[in-house]
Amino acid sequence: MVDVTSTNFASLLPSVVEEAKSCCFLALDTEFTGLLADSAFRNNLFDDGPQRYHKLSANLRRFSVVQLGLALFTGVPDKNAYSVTSYNFYLRPHSCGSSDPIIACQTSSLEFLQRFNFDFNKWLYEGVPHMNCDEIDDLRGELTALFSGKKASYMSYEVERYFRSVGEWMVTAQDGETHSIGGVQDIHSQAMLLAALHTSFSELWATLQDGLVVVEKVSSSERARLEAEDPSRSQLIEAIIERNKGFTSLFQLLVQLNKPVVLHNGLLDLLLIYKQFHKRLPSSYDHFKSEVHQLFPFMYDTKFVAEELKYKYRDDIFVSRALSKTNLGDLTTALRGDLPVTYLPKLHHTPPDNKYTREGATLHEAGYDALLTGFCFLRMCHLSAMVQLPQMQHHRPLSPREHLSTLRQYANKIHLQRSAVPFMSLDGTDPRSKRPPWLVVQGRGRGVRASPGLVSAALAKYGQLDVQPLNNNSVLVATSSWRSVSEILANLSSEGPLKAQVYTRLRHSTLGRSVVWSSAVLSTGLCAWLVYRSFRKSSP
């Protein structure tokens, strides 16, 4: 395991890239600054895929990933084993030009991070920068305007002081002499200083070298030659952007590799990763799914896989026990225990001695959670393959390709918690709801008004349910249990202040009632016209 910050990101990047190229699959996890911006965005049983997406995209608009875990799993040749390298990236956007992202922090989320020993100083002081493609395009356009002189550089007092010192140095400098400015370290200040130097002094040529602003005194002919080679300073602009891209450079490479990606209960992770490293979240749900599938053609959610295998092997006492709880901590504990299979692949950590292999490693550090996510995925691959064999003597070691093919039917399906549909299908149409029908609860008699609060309190004893107003005296109720529906209908059938019935669109929705009334009016009019015609024909 390696903590990755802005101080070691550049030096570690080549080795991360090489390991990613050779890995069989990778697992991701994130920690972020907030979970719920407003109670209106809370998950409920009425949500289908589009509704859940639009809620989350609005909810996560200002929240930010502060830590990203990346675990790379590689099959060991000629051995029933995998090697795994885990990286724990601290991430923080950096300002540059007018790009100045706002990060919203929810108190409960910060307290959660604190409880699990998140290093806030490392995040704030050493967080690796990142930008999405939209932000990169905006910054490129702004820098082009700055270096062409179409837009003025706004420098802080401190940066302006360095700007003046360069002018003083230039007076006595000879052609070919260079001057390094070590006091300006952040990329925003460097960009403003470089643009101002370029547009203000025709006898200077300013560049970025090893993270420092370096100025060279040049003759007019040399300046003309340099400008002919790079008239718009695009090379320097791209160098500035590269500094500010940070982790996005690695993300884009991971996309190019097309490796299988594993998450656990990963919808929030997926939306945050998309908006921070790819593009702004689109307004269209289908567009979002299509783009995610193009980025990662093979994506697995271990929460969804575990739920599906638990149902598939519900009659197998050992498998159903191992998968009885599907949160990451309990699932890991169960899959580390005794399983009814042999030839479980071993896991070798690189480096062998790190904080994730020692006692005391805890959940909710992104690097560790990514490691556990990949571990659970690998165990479920092997478990699923072996239990399909008729007898244990047929068990054998499996290759990485065989492990991955075992769960292929569960690819590109992201688990949806507390929703109308069980999962989001990234490569096709979402499934139809298997939940019980909605109920309409009304007040019995004119004196009783069925409000959401009253109905929630009255029906709380029937288990997990959500309510939302239908009209002034009716409330819609969604439950997760068919038994709850039966009990509510039975108990509210004949007594008490509330009554309930099964919701139907034709009968209870505004559109449905409009159609019914329109049909009734049309039928009445048609009948009247037919009677009138019949009467006229019979008249002398």
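Rules and cut-offs
Residues numbered from 1 in each chain as written. Predicted model: local features only at pLDDT ≥ 70, side-chain atom pairs only at ≥ 80, totals over all residues. Heavy atoms only, no water. Helix = DSSP H or I, 4+ residues; strand = E, 2+ residues; numbered from the N terminus. Rg over C-alpha atoms; globule rule 2.2 N^0.38 Å. Buried < 20%, exposed > 50% of the residue type's maximum accessible area, 1.4 Å probe, protein only. Contact = heavy atoms within 4.5 Å. Areas by Shrake-Rupley, 256 points an atom, 1.4 Å probe, with all protein chains shown as cover. Lys, Arg positive; Asp, Glu negative; His and termini not counted. Charge placed at Lys NZ, Arg CZ, Asp CG, Glu CD. Expected span 1.5 Å × (residues − 1). Pairing = 2+ DSSP bridges. Salt bridge = Lys/Arg side-chain N within 4 Å of Asp/Glu carboxyl O. Axes fitted to C-alpha atoms, helices over the stretch in contact; angles between N-to-C directions. Phe/Tyr/Trp six-rings, centres within 6.5 Å; stacked < 30°, edge-to-face > 60°. Lys NZ or Arg CZ within 6 Å of the ring centre and 35° of its normal. Disulfide = S-S within 2.5 Å.

Undergrad: What's the story with the overall build of the chain in this structure? I'm lost.
TA: Each helix and strand in the chain was counted, giving 21 helices and 16 strands. Here the C-alpha atoms of the chain give a radius of gyration of 31 Å, more than 25% beyond the 24 Å that 2.2 N^0.38 yields for 540 residues. Relative to its 540 residues, the chain shows a buried fraction of 47%. A separation of at least 24 residues holds for 73% of the contacts in the chain among residues at least 6 apart in sequence. About 26800 Å² of surface is accessible on the chain, with carbon and sulfur atoms providing 53% of the total. Looking at the chain, you have 57 positive and 53 negative side-chain charges, and the mean spots of the two groups are 14 Å apart.

Undergrad: I'm lost on helix 7 (residues 187–200) in this one. Help?
TA: An α-helical turn contains 3.6 residues, so any two residues separated by three or four positions project in the same direction. The terminal C-alpha atoms of helix 7, which comprises 14 residues, lie 20 Å apart, in line with the 20 Å expected from a rise of 1.5 Å per residue. When you tally the buried positions in helix 7, you get 11 out of 14 residues, the bulk of the element. Looking only at helix 7, the buried set comprises Ile187, Ser189, Gln190, Ala191, Met192, Leu193, Leu194, Ala195, Ala196, Leu197 and His198.

Undergrad: How should I be thinking about the pairing of strand 7 (residues 212–217) in this particular structure?
TA: Across a regular strand the side chains alternate sides, sitting on one face of the sheet and then on the other. Relative to strand 7, strand 5 (residues 178–181) runs antiparallel, the two sharing 4 bridges. Residue pairing in the sheet places Ile181 in a bridge with Val213 of strand 7. As defined by bridge partners, strand 6 (residues 204–209) adjoins strand 7 across 6 bridges and the pair is classed as antiparallel. If you follow Gln209 over to strand 7, its bridge partner there is Leu212. Connecting strand 6 to the next strand, strand 7, in antiparallel fashion are 2 residues, including Asp210 with a positive phi near 55°.

Undergrad: Help me understand the pattern of salt bridges, please; the structure alone is not making it clear to me.
TA: Think of it this way: side chains of opposite charge can pair up when their charged atoms draw near. Taken as a whole and assessed by the stated rule, the structure comprises 23 salt bridges. With its nearest N and O atoms 3.8 Å apart, the salt bridge here joins Arg280 to Asp134. Here Arg280, found in the loop between helix 11 (267–277) and helix 12 (285–295), pairs with Asp134, found in helix 5 (residues 133–147); they are 146 residues apart in sequence, far enough to count as distant. The exposure class assigned to Arg280 is partly exposed, which follows from its relative accessible area of 47%. Residue Lys289 pairs with Asp430 through a salt bridge whose shortest N-O separation is 3.0 Å. Taken together, the residues Lys289 in helix 12 and Asp430 in the loop between strand 12 (423–425) and strand 13 (439–443) connect sequence positions 141 residues apart. The same class applies to Lys289 as to Asp430, namely buried. A single network of salt bridges, built from pairs that share partners, joins Asp3, Lys122, Lys355 and Glu365.

Undergrad: Any chance you could explain the sheet that holds strand 7 here in plain terms?
TA: Hydrogen bonds between backbone atoms are what pair the strands of a sheet, whose relative direction is either parallel or antiparallel. Spatially, 3 strands are ordered 5-7-6 in an open sheet, and the strand pairing comes out antiparallel. Here the strands that pair on one side only, and so sit at the sheet edges, are strand 5 and strand 6. Taken pair by pair, the neighbouring strands of this sheet meet at an average axis angle of 25°, ignoring direction.

Undergrad: How should I be thinking about the packing of aromatic side chains in this particular structure?
TA: Given two aromatic rings, one states the distance between the centres and the angle between the planes to describe the pair. Here the structure, examined in full by the defined rule, presents 22 aromatic pairs. Members of the aromatic cluster, connected to one another through ring pairs, are Phe9, Tyr87, Phe89, Phe247, Phe251, Phe277 and Phe296. Here the basic side chain of Arg233 rests over the ring of Trp205, its NZ or CZ set 3.8 Å away from the ring centre. Seen from the ring of Tyr311, Arg314 lies directly overhead, with NZ or CZ sitting 4.1 Å from the centre.

Undergrad: Would you mind going over the state of the cysteines with me for this structure?
TA: Defined simply, a disulfide is a covalent bond joining two cysteines at their sulfur atoms. Under the criterion given, the structure shown has 0 disulfides. A disulfide-free cysteine, Cys23 has its sulfur positioned 6.9 Å from the sulfur of Cys24, the nearest such atom. Here Cys96 stays unpaired: no disulfide links it, and the sulfur of Cys133, its closest cysteine neighbor, is 16 Å away. Under the relative-accessibility criterion, Cys96 is labelled buried at 0%.

Undergrad: I tried to follow the sheet that holds strand 15 (residues 474–479) on my own but got confused; where do I start?
TA: Within the open sheet, the 4 strands sit side by side as 14-15-13-16. Their pairing is antiparallel. Two strands bound the open sheet, and with one partner strand each, they are strand 14 (465–471) and strand 16 (498–502). Each strand axis lies, on average, 30° off the axis of its neighbour in the sheet, ignoring direction. When strand 13 meets strand 16, the two strands line up antiparallel, connected through 5 bridges. In the sheet register, Gly443 faces strand 16, and the bridge partner there is Leu498. On the sheet, helix 18 (residues 452–459) packs against strand 13, strand 14, strand 15 and strand 16 and is oriented at approximately 145° with respect to strand 14.

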